[in-house]
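Examining the three-dimensional arrangement
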Amino acid sequence: MSTATLSCSVVIPTYNRAELLSHTLASLAGQDMPQDHFEVLVVDDGSSDHTRSTVEGFRDRLPVRYFFKPDEGYRAAEARNVGISAARGEICVFVDSGVMLHPGCLSAHVAAHRVATAPLAVCGYVYCFEFGDANAASMRADIDVRDPGGTIARLAATRRWLDVREAFYAKYTDDFADLPAPWLMFWTADASARTDLVRSVGMFDAGIRQWGCDDLDLGYRLHRAGARVVLERRASAIHYPHEKDSHASMALAAAGHQYLARKYDAPIVQLLLEFPEVNMLTMNDVARERGIPGTTEPVGPPAR
């Protein structure tokens, strides 16, 4: 397959997480998709560890390209845009460092888009993710980094460490695209959309310089552009647990919601200001109760 018709481009922003990145790249080397059908774009946001040599160590196992940007603070959104701009695949698959993909993950993403009759924003299913690290040690004990597929099969069979969004899916079913705010589920640990559509909506907002809302922002714009936000459970992955502070995550999420509310003068987005009382499990209910539309409101100018 020529580079002009690659099935997908995997975009991975990274910063000083060489070991976690190695797990991700190893899982990509084990995909069932032929390697001449996809590419991997690692965009380094100024790492000072051995990230570059880690990527170099996979060149004989993966079609990988490496991009380096000087360290100027948190710029994951801008890093992803570097990858999107360079992508040669029909579909961009967004993955974070430390996310280990099931061997059929890329194939599942591509298949979902190719059978769809409308544009999609695809949410993969991510095991072992939580906002804090209370269960990190137990999760790590259940993960075989050499066998993501086998690990996922065990976790699925025992229903351990399910995707933190499972409560949302259980409440609304897997068919949630017609909710007022389905874009709440578009998280770039494991997600995809057509490359031309991502570019046409402006890619990620490079003005977002913190964790917690750049993926929601893109998901919202994809939704506004007509993409149906869908869950593809077969596009599964494992988020390898690493240290994080749940209180800090909540604070960053709240700050991100405030940024989006300033950016979009839209009633559905303004509901984010009521976080945490209004959250991913209640926001769609609140929108329906208040008669707030999900797709017809005007989109305001970006915050400056």
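Calculation criteria
Residues numbered from 1 in each chain as written. Predicted model: local features only at pLDDT ≥ 70, side-chain atom pairs only at ≥ 80, totals over all residues. Heavy atoms only, no water. Core = buried A, V, L, I, M, F, W, Y, C linked by side-chain atoms within 4.5 Å. Buried < 20%, exposed > 50% of the residue type's maximum accessible area, 1.4 Å probe, protein only. Contact = heavy atoms within 4.5 Å. Helix = DSSP H or I, 4+ residues; strand = E, 2+ residues; numbered from the N terminus. Polar contact = N/O pair within 3.5 Å; in protein donor to acceptor, adjacent residues only side chain to side chain. 1 Å grid on protein atoms, 1.4 Å probe; cavity = no way out; pocket = protein on both sides within 12 Å on 5 of 7 lines; lining within 4 Å. Points joined across faces, edges and corners; volume = space filled by probe spheres on them. Nonpolar A, V, L, I, M, F, W, Y, C, P; charged D, E, K, R; others polar. Salt bridge = Lys/Arg side-chain N within 4 Å of Asp/Glu carboxyl O.

Another point: the nonpolar core. In this structure, Leu 25, Val 40, Leu 222 and Ile 268 are the most contacted members of the largest nonpolar core, which totals 89 residues. Setting aside residues no more than four positions away along its own chain, Val 40 makes contact with Val 10, Ile 12, Leu 25, Leu 28, Leu 62, Pro 63, Val 64 and Arg 65.

Bringing the side chain of Ser 9 into the picture now. Mapping Ser 9 onto the fold places it in strand E1 (residues 6-14). Looking at Ser 9, the relative accessible area reads 0%, which means it is buried. At 2.5 Å, the side chain of Ser 9 forms a polar contact with the side chain of Glu 39. Apart from residues no more than four positions distant in its own chain, Ser 9 is found in contact with Glu 39, Leu 41, Ala 87, Arg 88, Gly 89, Ile 91, Cys 92 and Val 93.

Summed over the entire model, instances satisfying the criterion amount to 1 cavity of 30 Å³ or more. Counted as a void, the largest cavity has a volume near 30 Å³. Taken together, Val 126, Phe 129, Asp 163, Val 164, Arg 165, Trp 187 and Ala 189 make up the lining of the largest cavity. Looking at the lining of the largest cavity residue by residue, the class counts come to 5 nonpolar, no polar and 2 charged.

If charged atoms from side chains of opposite charge come close, those side chains can pair. Evaluated as defined, the whole model comprises 22 salt bridges. Between Glu 39 and Arg 88 there is a salt bridge whose closest N-O contact spans 3.3 Å. On the criterion of sequence distance, the pair formed by Glu 39 in strand E2 (residues 38-44) and Arg 88 in the loop between helix H3 (76-86) and strand E4 (89-95) is long-range, its members being 49 residues apart. Note that Arg 114 is salt-bridged to Glu 90, the shortest N-O span being 3.4 Å. Placement of the pair is Arg 114 in helix H4 (residues 105-115) and Glu 90 in strand E4, with a sequence separation of 24 residues. Residue classification places Arg 114 among the partly exposed residues on the basis of a relative accessible area of 44%.

This part takes up unusual backbone geometry. Cis geometry is found at the peptide bond from Phe 275 to Pro 276, where omega equals 10°. With respect to the element layout, Pro 276 can be found in the loop between helix H11 (267-270) and helix H12 (283-290). If you check the backbone angles, Asn 16 has positive phi at about 50° while not being a glycine. Note that Asn 16 resides in the loop between E1 and helix H1 (18-29). Even without glycine at this site, Trp 161 takes up a positive phi of about 50°. Structurally, Trp 161 is set in the loop between helix H6 (148-158) and helix H7 (166-172). Since its relative accessible area comes to 18%, Trp 161 is described here as buried.

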